[in-house]
Amino acid sequence: MTPVAAAPRDVLIGLVGYCQFVPSYPLGPELKARLRRVAWPQSDNVSISEMNWSPIAIVQEFQASAMGFDRIVLVALADRQLPPGSVTCRRWKGGQLAAQAVQERIFEAVTGVVNLDNLLVIGEHFGIWPQEVVAIEAQGPEAGLGDFILSEVAAGQQGATAGVVGQGPPSPEAERLMDGIAAAVCRAALGKTLQGPEFPALTAQDLKPPSDLCHTRFKQRRQPSAPFHDSQAM
Amino acid sequence: MCFQNLPIEFDEQGNAHLKEGVSNPYSYETRTVEERDRMLEEIAKKNGQIHDVDFDPVTRVAGALAFHSTVDLENRKVLDTASMATLFRGYEVILRGRDPRDAAFISSRACGVCGGVHATTSALAIEMALGIRPPPLGIVIRNLMLSCEYLYDNPLHLFILAGPDFSEALVRDTNPEVWHRAQTAKAKYTDIHGYVTIAEIMTDLNPLTGKLYLEALEMTRVAREAYVLLGGKYPHPETVIPGGVTTTVTTTTLSEFYLKLKTFFDYSKRCIRIWDDVYDFLYEANPEYRRVGELPVNMVDFGQWDHEDHYDATYQNCNAWGERRWSTPGAVVNGKLATTRLTDLNVGIEEFIEHSYYEQWREYPFKTDPLGNPISPHHPWNKTTIPKPGEQNWKQRYSWSCTPTWDRLTFEAGAYARVYISALAKKLPPSNYFSSTGSSLVLNIPKDKLPAVQLEWKVPKMWNAFERNRARAYAVAFNMMVTMENWVRAQDLLKRGETQVATPFKIPKDGQHIGVGFWGAGRGFLAHWCVIENGVLANYQISTPSTVNACPKTPWGKCGAYEQAVLNTPIVESNFSDADDFKGIDILRTLRSFDPCMPCTTHVMVEGSDRVVTREVTTCACGIE
């Protein structure tokens, strides 16, 4: 890749997600290798890090190491109901969330769930983020349970998954997706400013809320005259 | 005579055999739940205050546990319950046909919190099947790693997952009269934890801001760091293998390990006394709390932390090495210790699928265990996992969890079971750090900033949600003291030059070999059963604590632990006027007292396929790799 314009900053590029167990889903490692091949300007201190850990572990790592970055670029696959292969780039603006909403995400974090939205919220709550945080989200293929690992499902999808995330040698579609993500990362990491329409705001209120931690749903009030079995359905 | 329901008796040498003259020894009657329907219909006719209450998800992890209950708000009673594991757990299917050496790495992914325990249980099962005895240091290091997982897991539950249910924020909202009383209630153990009133403790249990909440987050980090010193990474260690571990341990490693874990000396003292104070206060504030989550004491635990002088990985000697574990295996039925023999525990285990989304298997390849003791066609060695998704129907199938029983009884599992059984059994090996009296567990916790103390967990008069949590707090200290015992032993082994940590082995290319890993998770009871044929896994079965606790009803209509405990729970919550502002805090406290961990019981099934995926196991759907 050709060198890109210089901007003197300490920048962290974090790849968020964790799926080391699935061999046929190589987008992350491919992307990491590709970003490492970028000729980052000498004047910058650009770090590329896997952030495939619980958001709480990442918060604690930041707190323990007193890591200081001017800008952090977080990259993840996310379901934003966009066409598969879409890449969005938004500046994280934080925002207030109710304590219970944060606790719900911590609940997930401490029990092993790795998730960009949780990381953004929990990082915000514990104050680890610098002023400039960018979230780059790639829309994966429409996925049902079991995609990415089952050969029969992959075959059933006629290569859709393989086309978007790549299996074996990256397909042209996967190449394009990674090019798109890498270009977005470069812009986000090195752009002089994150103002303007290229970086629309992402706030806590924009995130998809997790289901309630322990919500109580009164499905149906049982009427004495109603046939009992009708009220059995969930 | 430990079996009351299975037709099994023993000869004078303790060998089990089926009773003579019983034509179908493992038969059972299936009962429908028509009675339940009739009962509820009758109540519904008389009372318009009945509501169906769903808690979905109870755990946020993968949203995989849903709990349905029918509540009579006017009379403050729970009328009916159903616990559902809403996703298929498919490791049994994934592992079929694989190299046995894969099992530890794959089964580890059964949980994003406690993967190491699955890896170790798998290693134990393979060791037994193939006759691999680990060297002493390998056994001791494995124990130390297990302790770290528990020291991560149990404080996490006490203060991050369940703790908020007892915080000012929740208590003030659900039971303002209790909060009012807490503000003047003096804590008994101020000298240990520093809090003068119960209200101060509750305030520091508040999620996100409470000091106890934040401190627990920090302590999980300490435990993880200690684990990584020995295991290389957490939560899915690559260093646990059949035959031991692959880590290199020196006295420097052990010193660093000690420096990490010594912070748990004082923490465990405070853990115990904080929860002693909270629960003692709540009982005084409202005696009805004694009935929240109440169950008869039926529990099973396999024990854990092998003694390096005794563990030889054989089934033939498992009763001997099992009873020398640093926590004692056993089954408790109605509060009485029924057995401490691992063979009895194994022989009594069965799994039923009448209310689960599985097909009944037909094969019965193992009529006995390797010692000739009879085992049921429903035993995991005989089980084949055949998923059969279908519609939810309370009378028929409603869960992806099967129903494990011991001696045809549903039972509960938990960190508290190792405390309870070790206390009753009075068989712990000699230690300077802990001992069992037959009715209590005595813990000698060394000095750090706080002075050395001797704390004693006594078998409680009642068994309920609060006692589960209290015993879990004592389990933190028990874990810590077992850690100290094993840390000293590791030092001694290194001094003696016994530095080997693993025993090499080969996978036999032919023949049939069976094994079982008897172990435990932070949440208790954990076992893996394997059958190896011609060098590959022909069958693999995992039974987890959450399967035990969250199971649906037995074929004969007996509730699982969650279901029965919630049925027994009174509605103590006071601050509601109707269904719209009812929080169900008492039901939730009951469920959370079991430390539900649904990644252990659920995974993903693809319709139209007999194969399964693990994508939801340790990650969200957003994983980029």
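Before going further, it helps to spend a moment on the sheet that holds strand E16 (residues 512-521) of chain B. All names here are of chain B. Strand order in the open sheet made by the 3 strands is E16-E17-E18, with antiparallel pairing throughout. Of all strands in the sheet, those with a lone pairing partner are E16 and strand E18 (536-543), marking the two edges. Taken over all neighbouring pairs, the strand axes of this sheet differ in orientation by 15° on average, direction set aside. Looking at chain direction, strand E17 (residues 524-533) and E18 are connected through 7 bridges and run antiparallel. When the sheet's bridge partners are listed, Glu533 is paired in E18 with Val536. The sheet contacts of helix H4 (residues 115-130) involve E16, E17 and E18, and relative to E16 the element is tilted by about 150°.

All names here are of chain B. Looking at the element boundaries, Pro176 is found in helix H7 (residues 176-182). On the basis of relative accessibility, which here comes to 35%, the residue Pro176 falls in the partly exposed class. Put simply, Pro176 and Thr503 are 327 residues apart on the chain and 60 Å apart in space, counted from C-alpha to C-alpha. In this view, Pro176 contacts Val171, Ser574 and Asn575; residues no more than four positions away in its chain are not counted.

All names here are of chain A. Tracing the sequence through the fold places Ile48 in strand E2 (residues 45-50). In this structure the C-alpha to C-alpha distance between Ile48 and Ala98, which are 50 residues apart in sequence, comes to 32 Å. Excluding residues that lie within four positions of it along the chain, Ile48 makes contacts with Ile13, Lys32, Leu35, Arg36 and Trp40.

Take the pattern of salt bridges next. Residues and elements named next belong to chain B. Scanning all chains against the criterion turns up 34 salt bridges over all chains. The residue Arg468 makes a salt bridge to Glu412 at a minimum N-O spacing of 2.7 Å. Taken as a pair, Arg468 in helix H16 (residues 465-495) and Glu412 in the loop between strand E12 (403-406) and helix H15 (415-425) lie far apart in primary sequence, 56 residues in all. Here Arg468 falls in the buried class, since its relative accessible area comes to 0%. Of the residues examined, Glu412 reaches a relative accessible area of 1% and is grouped as buried. Of the charged contacts in the structure, one is a salt bridge between Arg523 and Asp595, with a shortest N-O distance of 3.3 Å. Of this pair, Arg523 sits in the loop between E16 and E17 while Asp595 is found in the loop between helix H19 (585-592) and strand E19 (604-605), placing the two residues 72 residues apart along the sequence. With a relative accessible area of 2%, Arg523 lands in the buried category. The network of salt bridges with common partners includes Lys188, Arg273, Asp276, Asp280, Glu467 and Arg470.

Further remarks concern the side chain of B:Gln491. Structurally, B:Gln491 is set in helix H16. Setting aside residues no more than four positions away along its own chain, B:Gln491 makes contact with B:Thr251 and B:Leu254.

The next point concerns the confidence of the model for chain A. Residues and elements named next belong to chain A. When pLDDT is averaged along chain A, the result is 73; 68% of the residues meet or exceed 70. Below a pLDDT of 50 lies the segment residues 143-154, which in the model reaches 35 contacts outside its immediate sequence neighbourhood of four places, other chains included. Across residues 211-234, where pLDDT falls below 50, the model places 68 contacts with residues more than four positions away in sequence or in other chains.

On to the nonpolar core. With 216 residues, the main nonpolar core has A:Leu74, B:Phe159, B:Trp275, B:Leu282 and B:Trp406 as its most contacted residues. Here this core takes 17 residues from H16(B), the largest share from any one element. Those residues in contact with B:Leu282 that lie beyond four places of it in its chain are B:Phe166, B:Val178, B:Met202, B:Tyr289 and B:Phe466. Membership of the second largest hydrophobic core comes to 27 residues, among which are A:Val38, A:Val75, A:Ala138 and A:Leu177.

Attention now moves to the confidence of the model for chain B. Residues and elements named next belong to chain B. When the pLDDT values of chain B are averaged, the result is 88; 89% of them are 70 or greater. Of the regions scoring below 50 in pLDDT, residues 56-63 engages in 35 contacts with residues more than four places distant in sequence or in other chains. Counted against residues more than four places away or in other chains, residues 599-625, with its pLDDT under 50, gives 118 contacts. Among the scores for the predicted complex, ipTM is 0.74 and pTM is 0.85.

Moving on to the packing of helix H2 (residues 55-65) of chain A against helix H10 (residues 211-231) of chain B. Close contact between H2(A) and H10(B) brings their axes to 11 Å; oriented N to C, the two are set at 85°. Judged by the inter-axis angle, H2(A) sits roughly perpendicular to H10(B). Where H2(A) approaches H10(B), its residues A:Ile56, A:Ala57, A:Gln60 and A:Ala64 are matched on the opposing element by B:Leu217, B:Glu218, B:Thr220, B:Arg221 and B:Arg224. When the residues that make up the contact of H2(A) with H10(B) are grouped by side-chain class, the tally is 4 nonpolar, 2 polar and 3 charged.

Calculation criteria
Residues numbered from 1 in each chain as written. Chains lettered and ligands numbered in written order. Predicted model: local features only at pLDDT ≥ 70, side-chain atom pairs only at ≥ 80, totals over all residues. Heavy atoms only, no water. Pairing = 2+ DSSP bridges. Helix = DSSP H or I, 4+ residues; strand = E, 2+ residues; numbered from the N terminus. Axes fitted to C-alpha atoms, helices over the stretch in contact; angles between N-to-C directions. Contact = heavy atoms within 4.5 Å. Buried < 20%, exposed > 50% of the residue type's maximum accessible area, 1.4 Å probe, protein only. Salt bridge = Lys/Arg side-chain N within 4 Å of Asp/Glu carboxyl O. pLDDT = per-residue confidence, 0-100. Core = buried A, V, L, I, M, F, W, Y, C linked by side-chain atoms within 4.5 Å. Parallel < 35°, antiparallel > 145°, perpendicular 65-115°, else oblique. Nonpolar A, V, L, I, M, F, W, Y, C, P; charged D, E, K, R; others polar.

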